[in-house]
Amino acid sequence: MSQTIASLSRKIGTAGDLQSVVRTMKAVAASSIGQFESAVLALDDYHRAVQLGLVACLREMASPLVPAPAPRRENGPIAAVVFGSDLGLVGQFNDVMASFVVTTLADLPAQKTVWTVGERIRSRLRQTDLGLDKSFMLPGSIGAITALVGQILVALETLREQGAINQVYVFHNSPHAGAIYRPVCQRLLPLDQVWRRQLTAMAWPTQNLPEVMGGGAASLRAFVREYLFVSLFRACAESLASENASRLAAMQRAEKNIDELLEALRRSFHRLRQSGIDEELFDLVSGFEVQPRGRNILNNCSGPTEK
């Protein structure tokens, strides 16, 4: 009996320690969500400014006085940049993304290669038929996203100049109300005619017509670089916010399960301890009654016997 009580006591202590760890991870995830969501919101105005700059450049280059750029081949090898997680305890975060990547790329007939950001998503995609190439470490803070985006852009530009890739798709989980997150896909390159038409259809926010300084082609290249940078930065920030939201939900479920487990263990512990105390009392009373002196004491305590 004592061994069973001791075992339950150890289990209660272990569950309590695990509960403290879960609460700490829950607090860290909640704090990280706010930071990454704030970064995404801060990018909105800058992203809007970059889009307007592209609109001004494209409209000026559409003028009859400016020669149109040579058309680029819009089909060809595909590089897919997939954002996942490096750490676990995120529920179905990486599984959902891996299934979405496989389904989406299956509809594209071109040759495909996959670049992963995060070891967990890479391990999931190893189980598929997709060819994996480059791997990047997921940044742990907002300040480290810039360096990651720079590495990806340099690698993409190098392969595009060599003709090894022509299309670039970005996959990531994005925060979504009611479902924590949802997987999304963005075609980053090439910047085709559909993309240009969508941009030039945007209304200019003022009555003053924009003027591009320094030449339309040079400014367009600069804005395109910023557009690619902002798009990848935003994808990474949204993925990190979704990852921490998924981890927060997982920690909330774990905390609830631990609370229920602790309650059950404590009930069992108290029941066994009370049962042990009762058995010891019964043994004590039984042993006391066996002794003659004990019987006399009990008889005297019971009062005089009526005749």
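Since this is a predicted model, take the numbers as computed values, not measurements.

A.B. asks: I keep staring at the overall build of the protein chain and nothing clicks. Help me out?
C.D. replies: A count of helices and strands for the protein chain gives 7 helices and 5 strands. When the helices and strands of the protein chain are listed from N to C terminus, the series reads α-β-α-β-α-β-α-β-β-α-α-α. Within the protein chain, the fraction of its 307 residues that count as buried is 39%. Put simply, of all contacts in the protein chain between residues at least 6 apart along the chain, 76% involve residues at least 24 apart.

A.B. asks: What exactly am I supposed to notice about the sheet that holds strand β3 (residues 132-136) here?
C.D. replies: Across a sheet, paired strands are connected by hydrogen bonds in the backbone, their directions being either parallel or antiparallel. With respect to topology, 5 strands assemble into an open sheet ordered β3-β2-β1-β4-β5, the strand pairing being mixed. Looking at which strands have only one partner, the edges of the open sheet turn out to be β3 and β5 (180-189). This sheet shows a mean twist of 20 degrees between the axes of neighbouring strands, independent of strand direction. Where strand β4 (residues 167-176) meets β5, 9 bridges bridge the pair, whose relative direction is antiparallel. From the neighbouring strand, Ser 174 faces β5, where its bridge partner is Arg 182. Against the sheet, helix α4 (residues 145-162) contacts β1 (78-83), β2 (112-117), β3, β4 and β5, and its axis sits at roughly 165 degrees relative to β2.

A.B. asks: Quick question: what am I supposed to make of the pairing of β2 here?
C.D. replies: Side-chain direction in a regular strand flips from residue to residue, so the side chains alternate between the two faces of the sheet. In terms of burial, β2 is largely enclosed, as 5 of its 6 residues are buried. Of the pairings in the sheet, the one linking β1 to β2 comprises 6 bridges and is parallel in character. Bridged to Val 82 within β2 is Thr 116. This β-α-β element, β1 to helix α2 (residues 93-106) to β2, shows right-handed connectivity. Direction of pairing for β2 relative to β3: parallel, over a ladder of 3 bridges. Counted as the bridge partner of Val 114 is Leu 132 from β3. The β-α-β motif built from β2, the intervening helix α3 (residues 119-125) and the parallel element β3 has right-handed crossover chirality.

A.B. asks: Explanation requested: unusual backbone geometry in the structure shown.
C.D. replies: Across residues other than glycine, the phi torsion is negative in most instances, and most of the peptide bonds are trans. A cis geometry characterises the amide bond from Leu 189 onward to Pro 190, with omega recorded as -5 degrees. Within the secondary structure, Pro 190 is located in the loop between β5 and α5 (193-200). You will see that Leu 89, though not glycine, has its phi angle at about 60 degrees, which is positive.

A.B. asks: Looking at this model, I keep getting lost on the nonpolar core. Mind explaining?
C.D. replies: Soluble globular proteins tend to pack their nonpolar side chains together in the buried interior. Among the nonpolar cores identified, the biggest contains 46 residues, and Leu 54, Phe 83, Val 117, Ile 145 and Ile 152 are the most heavily contacted of them. Going through the elements one at a time, α1 (2-61), β1, β2, α4, β4, β5, α5 and α6 (216-290) are the ones with two or more residues in this core. Those residues in contact with Ile 152 that lie beyond four places of it in its chain are Val 81, Phe 83, Trp 115, Val 117, Phe 136 and Leu 232.

Each value, and the rule that gives it
- Residues numbered from 1 in each chain as written.
- Predicted model: local features only at pLDDT ≥ 70, side-chain atom pairs only at ≥ 80, totals over all residues.
- Heavy atoms only, no water.
- Helix = DSSP H or I, 4+ residues; strand = E, 2+ residues; numbered from the N terminus.
- Buried < 20%, exposed > 50% of the residue type's maximum accessible area, 1.4 Å probe, protein only.
- Contact = heavy atoms within 4.5 Å.
- Pairing = 2+ DSSP bridges.
- Axes fitted to C-alpha atoms, helices over the stretch in contact; angles between N-to-C directions.
- Right-handed = clockwise from strand over helix to strand, strands pointing away.
- Core = buried A, V, L, I, M, F, W, Y, C linked by side-chain atoms within 4.5 Å.

Everything listed is a geometric property; what it means functionally is a separate question.
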